[in-house]
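Architecture at a glance
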Amino acid sequence: MSNGYLLEGVRRLGSVAIFFFQLLIQCVPALARPRLLLYQIYNAGARSLIIIMLSGLFVGMVLGLQGYDLLQRFGSEEALGTAAALGLLRELAPVITALLFAGRAGTALTSEIGLMRATDQLTAMEIMAVDPLRYVAAPRFLGGVIAMPLLTAIFSVIGLYGAQLIGVQLMGVDRGVFWSQTQASVDLHDVNEGLVKSLVFGVACSLIAVHEGYHAEPTAEGVGLATTRTVVASSVVTLLLDYVLTAEFL
Amino acid sequence: MRANRTLEIGTGLFVLLGFAALLFLTTQLPASGLKLGGAKAGYHVTAEFDNVGDLKVGSPVTMSGVSLGEVEDIRFDPKDYKAVVRLRIDPQYRQIPDDSYASIQTQGLLGGKYISLSPGGSDTFLKDGSRIEQTQSAIVLESLINKFFANYMSKGKNDSQGQADAHGKGTDSQGNTESKR
């Protein structure tokens, strides 16, 4: 029994890898239809904006409160800006954005494509000699990959504003110190780390979402299961990759 | 057509916002980046220090613990081998005596440096472009410790002259002999 599970896991991994390769090949011709891509950027990015901004603000504010409480025990509240900026840029913004993205945009992608599969739309496309990978999967994948770093950057900035709001406005850390300490300790390297992470997460989450939808069982239950798998797999893969990338960057 | 327009505007807004955020992160956050943003109101005075420690642009300038302005620029004067710090004082604080005393202090244990002004007794006030004459440099903890130990060591040596192994015995035994006397 466990052997079967193992084999099934390996098969799934191989299926994702092959799908990724096919998708990459179709990405270049998919650029010839910018309107499709545009719509997917809107779908994955612009529509996730509110949830990302709200979460970013609250994560930043919590970081401000907790960071202040911790740092003032050592009499170094001034380091709050540094702690918040580095925490957000390196870890919190890419990871939380990816998790939210998996829940908000990934599920939508999976159920949309899965429903297309269930209602034979993808088969119909194939019969018309229209490659569904090129016209359905690739734009959605690319849209997610483009949207993720932008969402992460917005998350970082809003989060930093939230931390500043709590630290400076509420707790009375000097504004000049907050920003000068932040600027003194943040490097372009840190911004890069967040950027690379968000790009990798964008590829992983979009790939999983599109793949699960594309290979969903063509039933109502199958689409539901695929959507669940998208969230679970995206979250786990994001956290796992986060560890690997962090170890790489340190 | 209508739906298309809102779609395009929405996407454009999102991409614009994203790139604005990226731009902010890459150029404004690291100290090596560009400095945008308009000049703030106030007047400028300069002060020369032998050593500014890790004083940074943006560090506050305070008097009696209240922030009056900030450090706007730190340069090195190659003629006098001194650091020239330009301070911006908020416009409402016009009446700071021109013989005030500027010193570089540390916030908290690990905190950053800031400039503390102590008022002098002069009847004339600091104005745009004036220079603060009396300054005290940042206290560098390492050199302070060095100085302390150098003093301590030479004192210990003087006290324990005649003891051949005074140096090898370490500070503890020396401290003991000192306290007995």
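Keep in mind it's a predicted model, so treat the numbers as computed, not measured.

On to the overall build of chain B, then. Counting its secondary structure elements, chain B contains four helices and eight strands. N-terminal to C-terminal, the α/β element order of chain B is α-β-β-β-β-β-β-β-β-α-α-α. Counting every position in chain B, which comprises 181 residues, the buried fraction comes to 21%. Sequence-distant contacts, at least 24 apart, represent 59% of the contacts inside chain B between residues at least 6 apart.

Summing up its helical and strand segments, chain A has nine helices and zero strands in all. In sequence order, the secondary structure elements of chain A are arranged as α-α-α-α-α-α-α-α-α. Dimensions of chain A, computed from C-alpha atoms along their principal axes, come out at roughly 70 × 45 × 30 Å. Per-residue burial for chain A yields a buried fraction of 50% across its 250 residues. A sequence separation of at least 24 residues applies to 87% of the contacts in chain A between residues at least 6 apart.

With that settled, the discussion passes to the interface of chain A and chain B. Taken residue by residue, the interface counts 31 residues in chain A and 31 residues in chain B. Going through the elements one at a time, helix H2 (34–44), helix H6 (132–170), helix H7 (175–185) and helix H8 (188–214) of chain A are the ones with two or more residues in the side of chain A that touches chain B. Considering every element that reaches the side of chain A that touches chain B, the biggest residue donor is H7 of chain A, with eight residues. Along the lines of polarity and charge, the residues of the side of chain A that touches chain B split into 19 nonpolar, nine polar and three charged.

Turning next to the packing of helix H3 (residues 49–73) of chain A against helix H4 (residues 80–118) of chain A. All names here are of chain A. At a minimum axis distance of 10 Å, the contact between H3 and H4 shows a crossing angle of 145 degrees. In this structure, the crossing between H3 and H4 has a hand that is right-handed. Between H3, through Ile51, Ile52, Ser55, Val59, Gly60, Leu63, Gly64, Gly67, Tyr68 and Leu71, and H4, the contact on the second element is made entirely by Leu80, Ala83, Ala84, Gly87, Leu88, Leu92, Ile96, Thr97, Leu100 and Arg104. Its residues placed into classes, the contact of H3 with H4 shows 13 nonpolar, six polar and one charged.

Right, let's get into H3 of chain A. All names here are of chain A. With 25 residues, H3 extends 36 Å from end C-alpha to end C-alpha; this agrees with the ideal 36 Å at 1.5 Å per step. Burial in H3 covers these residues: Ile52, Ser55, Gly56, Val59, Gly60, Met61, Leu63, Gly64, Gly67, Tyr68 and Leu71. Looking at the buried residues of H3, the elements they touch are H4 and H6. At the C-terminal side of H3, Gly75 shows a positive phi close to 65 degrees.

This paragraph deals with the nonpolar core. In terms of nonpolar packing, the biggest core is built from 72 residues, with Leu80 and Ile154 of chain A touching the most fellow members. Secondary-structure elements contributing two or more residues to this core are helix H1 (2–30), H2, H3, H4, H6, H7 and H8 of chain A together with helix H1 (2–28) of chain B. Considering each element in turn, this core owes the most residues, 20 residues, to H6 of chain A. Not counting residues within four places of it along the chain, the set of residues in contact with Ile154 of chain A comprises Ile52, Met53 and Gly56 of chain A together with Leu17, Gly18 and Ala21 of chain B.

A word on the pairing of strand S5 (residues 101–106) of chain B. Inspection of the sheet shows S5 of chain B paired to strand S6 (residues 113–118) of chain B by six bridges, in the antiparallel sense. By the bridge assignment for S6 of chain B, Ser103 of chain B is matched with Ser116 of chain B.

With that settled, consider the pairing of strand S2 (residues 60–63) of chain B. The two faces of the sheet receive side chains in turn, since in a regular strand these alternate between them. All names here are of chain B. With four bridges connecting them, S2 and strand S3 (residues 66–77) associate as antiparallel partners. What sits directly across from Pro60, in S3, is Glu70. Between S2 and S3, which follow one another and run antiparallel, lie two residues, and Ser64 among them has a positive phi close to 50 degrees. Here three bridges tie S2 to S6, and the two strands are oriented parallel to one another. Following the sheet pairing, Met63 is matched in S6 by Leu117.

Below, the discussion takes up the packing of H4 of chain A against helix H9 (residues 220–249) of chain A. All names here are of chain A. Their axes nearest at 8 Å, the elements H4 and H9 cross at an angle of 150 degrees. Taken together, the axes of H4 and H9 lie roughly antiparallel to each other. Between H4 and H9 lies a crossing whose hand is right-handed. For the pair H4 and H9, contact is made by Val95, Ala98, Leu99, Ala102, Gly103, Gly106, Thr107, Thr110, Ser111, Gly114, Leu115 and Ala118 and by Gly222, Val223, Ala226, Thr227, Thr230, Val231, Ser234, Ser235, Thr238 and Asp242, respectively. For the contact of H4 with H9, the per-class residue count stands at nine nonpolar, 12 polar and one charged.

Reading the values: the criteria
Every residue gets a number counted from 1 within its own chain, in the order that chain's sequence is written. Whichever chain is written first becomes A and whichever ligand is written first becomes 1, with later ones labelled in order. Totals for whole chains, interfaces and linings use every residue, but because this is a predicted model, local features are given only for residues with pLDDT of at least 70 and side-chain atom pairs only at 80 or more, for both listing and counting. Working definition: helices are DSSP H or I runs of at least four residues, strands are E runs of at least two. Numbering for both runs from the N terminus. For every residue, the other C-beta atoms within 10 Å of its own C-beta are counted; 20 or more classify it as buried, 12 or fewer as exposed, and values in between as partly exposed. C-beta atoms are placed from the backbone. C-beta atoms are placed from the backbone for every residue, and two residues are taken to be in contact when these atoms lie within 7 Å. Gly counts as polar in this scheme, as do all residues outside two lists: the nonpolar Ala, Val, Leu, Ile, Met, Phe, Trp, Tyr, Cys and Pro, and the charged Asp, Glu, Lys and Arg. Working convention: axes come from line fits to C-alpha atoms, limited for helices to the stretch in contact. Angles between N-to-C directions cover 0 to 180 degrees. Crossing chirality is assigned from the near helix's rotation relative to the far helix, an anticlockwise turn below a right angle marking it left-handed and a clockwise turn marking it right-handed. By definition here, a helix of n residues has an expected span of 1.5 Å times n minus one. We define the nonpolar core as any set of buried residues of the types Ala, Val, Leu, Ile, Met, Phe, Trp, Tyr and Cys, connected via C-beta atoms lying within 7 Å of each other. Two strands are counted as paired when DSSP detects at least two bridges linking them. When describing relative orientation, an angle under 35 degrees is termed roughly parallel and one over 145 degrees roughly antiparallel, while 65 to 115 degrees is termed roughly perpendicular and anything else oblique.

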